[in-house]
Amino acid sequence: MDDISFNAYHGSVEWKAQQIERNGFIISSKNCEWLVEGIYFFEKKDHAVVWAKRECEKPKNIGHNPAVVCVTIKCTTGEYLDLDDEKNMSDLISCFYNAFKDSKKGRPQFDNDYQLRCFCCNLFRRMNPQYKVLAYTFGFPPKRNMAGFHVIKQEKQYCVVSNDYVFERKVEVYDNAI
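Parameters at a glance
Counting of residues starts from 1 at the beginning of each chain's written sequence and follows it residue by residue. Residue-level local features of this predicted model are given only where pLDDT is at least 70; pairs of side-chain atoms are given and counted only at 80 or more, and the full residue set underlies all totals for whole chains, interfaces and linings. Remark: hydrogens and water are excluded; side-chain values derive from all non-hydrogen atoms of the structure. Runs of H or I in DSSP of at least four residues are treated as helices and runs of E of at least two as strands, each being numbered from the N terminus. Contacts are residue-level and defined by heavy atoms, with any inter-residue pair within 4.5 Å sufficient. Areas reported as accessible are Shrake-Rupley estimates using a 1.4 Å probe. Residue values count occlusion only from the protein chains shown. For this document, the term salt bridge refers to a Lys or Arg side-chain nitrogen within 4 Å of an Asp or Glu carboxyl oxygen. Relative accessibility decides the category of a residue: with a 1.4 Å probe and only protein chains considered, values under 20% of the type maximum give buried, values over 50% give exposed, and everything between is partly exposed. We call a set of buried Ala, Val, Leu, Ile, Met, Phe, Trp, Tyr and Cys residues a nonpolar core when their side-chain atoms join them within 4.5 Å. One less than the residue count of a helix, multiplied by 1.5 Å, gives the span that helix is expected to have. What qualifies as a polar contact is a pair of N or O atoms within 3.5 Å, subject to a donor-acceptor requirement within protein and to the restriction that residues adjacent in sequence count only when both atoms come from side chains. Paired strands, in this sense, are two strands between which DSSP finds at least two bridges. The axes are straight lines fitted to the C-alpha atoms, using for helices just the contacting stretch, and the angles between their N-to-C directions are given from 0 to 180°. Roughly parallel means an angle under 35 degrees; roughly antiparallel means over 145; roughly perpendicular covers 65 to 115; every other angle is labelled oblique. Residue classes follow a fixed rule: Ala, Val, Leu, Ile, Met, Phe, Trp, Tyr, Cys and Pro count as nonpolar, while Asp, Glu, Lys and Arg count as charged, and any other residue, Gly among them, counts as polar.

A.B. asks: Can you help me understand the overall build of the protein in this one?
C.D. replies: Looking only at helices and strands, one finds 4 helices and 9 strands in the protein. Sequence-ordered secondary structure for the protein, helices as α and strands as β, is β-α-β-α-β-β-α-α-β-β-β-β-β. Projected onto its principal axes, the C-alpha positions of the protein cover 55 × 45 × 30 Å. Here the contacts in the protein between residues at least 6 apart in sequence split such that 76% fall between residues at least 24 apart. In the structure as shown, the protein presents an accessible area of about 10,800 Å², 51% of it carried by carbon and sulfur atoms.

Structure (structure tokens):
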């Protein structure tokens, strides 16, 4: 299988970003992750900067500067799952459906779509452990620009299941006043 490599960006606050640069990332494992349990990155640096600035608005981070951890993600094509690909998304949905189609209890119930999506992705990954890097482009609700045209903000995110696929961690610190 071919190797793939690409740059990605993780938004945080300065002191956490410096810890990440020294020690690596902590795997996030909430039941409402965007994709699966793992480490999250944006495709575009400016999206990571926006996220980092939002993190600095939280009461526990007031007074800290936003930072972005710039990395290179490396894996093989067989370890990369692009959920923007219709076949891959169809496979994920089929996995979820097939796991519960014969269940007398039916499918699990979730409090929100975040939990449902996270459950489906984690289930699919457990059934397909070869996938180490997942990608999906999230669309946000349409807004109108000043001329009245619909605008849909798109953010491609990556989730990497371990630090073994993350290389060249470099921190960039931003002024919180900007």
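What follows picks up the thread again.
A.B. asks: Which parts of the structure should I look at to understand the pattern of salt bridges?
C.D. replies: Counting across every chain of the model gives 8 salt bridges. For Glu172, the salt bridge goes to Lys45, with nearest N and O atoms at 3.1 Å. Here the residue Glu172 occupies a position in strand E9 (residues 166-173), and Lys45 occupies one in helix H2 (residues 45-56), the gap between them amounting to 127 residues. In this structure, the salt-bridge partner of Lys58 is Glu55, at a minimum N-O distance of 2.9 Å. Take Glu55: its relative accessible area is 13%, and that puts it in the buried class. It is possible to trace a salt-bridge network through shared partners that takes in Lys45, Lys170 and Glu172.

A.B. asks: Could you clarify how one ought to interpret the nonpolar core in this entry?
C.D. replies: The tendency in soluble globular proteins is for nonpolar side chains to be buried side by side. In this structure, Phe25, Phe41, Val71, Ile73, Val133 and Tyr158 are the most contacted members of the largest nonpolar core, which totals 20 residues. Of all the secondary-structure elements, those providing two or more residues to this core are strand E1 (3-13), helix H1 (14-23), strand E2 (39-42), strand E3 (66-76), strand E5 (133-139), strand E8 (154-160) and E9. With 5 residues, E3 is the largest single contributor of residues to this core. What Phe25 contacts, discounting residues up to four positions off in sequence, is His10, Ile20, Ile39, Phe41, Val69, Val71, Asn163, Val166 and Arg169. Among the nonpolar cores identified, the runner-up in size contains 18 residues, and Leu83, Phe100, Phe138 and Cys159 belong to it.

A.B. asks: What am I meant to see in unusual backbone geometry here?
C.D. replies: Leaving glycine out, the prevailing phi sign among residues is negative, and the prevailing peptide bond configuration is trans. Not every positive phi belongs to a glycine, and Glu168 is a case in point at roughly 55°. Of note, Glu168 is situated in strand E9. Residue class for Glu168 comes out exposed when judged on its relative accessible area of 55%.

A.B. asks: What is the right way to look at helix H4 (residues 113-127) in this model?
C.D. replies: For an α-helix, the turn length of 3.6 residues means that residues three or four places apart are oriented alike. A rise of 1.5 Å per residue sets the reference length of H4, with its 15 residues, at 21 Å; its end C-alpha atoms lie 21 Å apart and thus fit the reference within 8%. Looking at H4, one finds that the buried residues are Gln115, Cys118, Cys120, Cys121, Asn122, Leu123, Phe124 and Arg125. Contacts made by the buried residues of H4 are with strand E4 (80-82), helix H3 (86-100) and E5. The N-cap residue of H4 is Asn112: its side-chain oxygen and the backbone nitrogen of Tyr114 are 3.0 Å apart.

A.B. asks: It is not clear to me how the pairing of E5 should be interpreted in this structure. Could you clarify?
C.D. replies: Two faces belong to every sheet, and in a regular strand the side chains alternate between them. The buried fraction of E5 is high, at 5 of 7 residues. Across 3 bridges, the pairing between E4 and E5 is parallel. Bridge pairing links Leu81 to Leu134 in E5.

A.B. asks: When you look at the packing of H3 against H4 in this model, what are you seeing that I'm missing?
C.D. replies: For any two helices packed against each other, the geometry is given by the interaxial angle and the distance between the axes. Look at H3 against H4: their axes get within 9 Å of each other, and the N-to-C directions meet at 90°. In terms of orientation, H3 lies roughly perpendicular with respect to H4. In contact with Asp91, Leu92, Cys95, Phe96, Ala99 and Phe100 of H3, H4 contributes Leu116, Phe119, Cys120, Cys121, Leu123, Phe124 and Met127. Looking at the contact of H3 with H4, its residues break down into 12 nonpolar, no polar and 1 charged.

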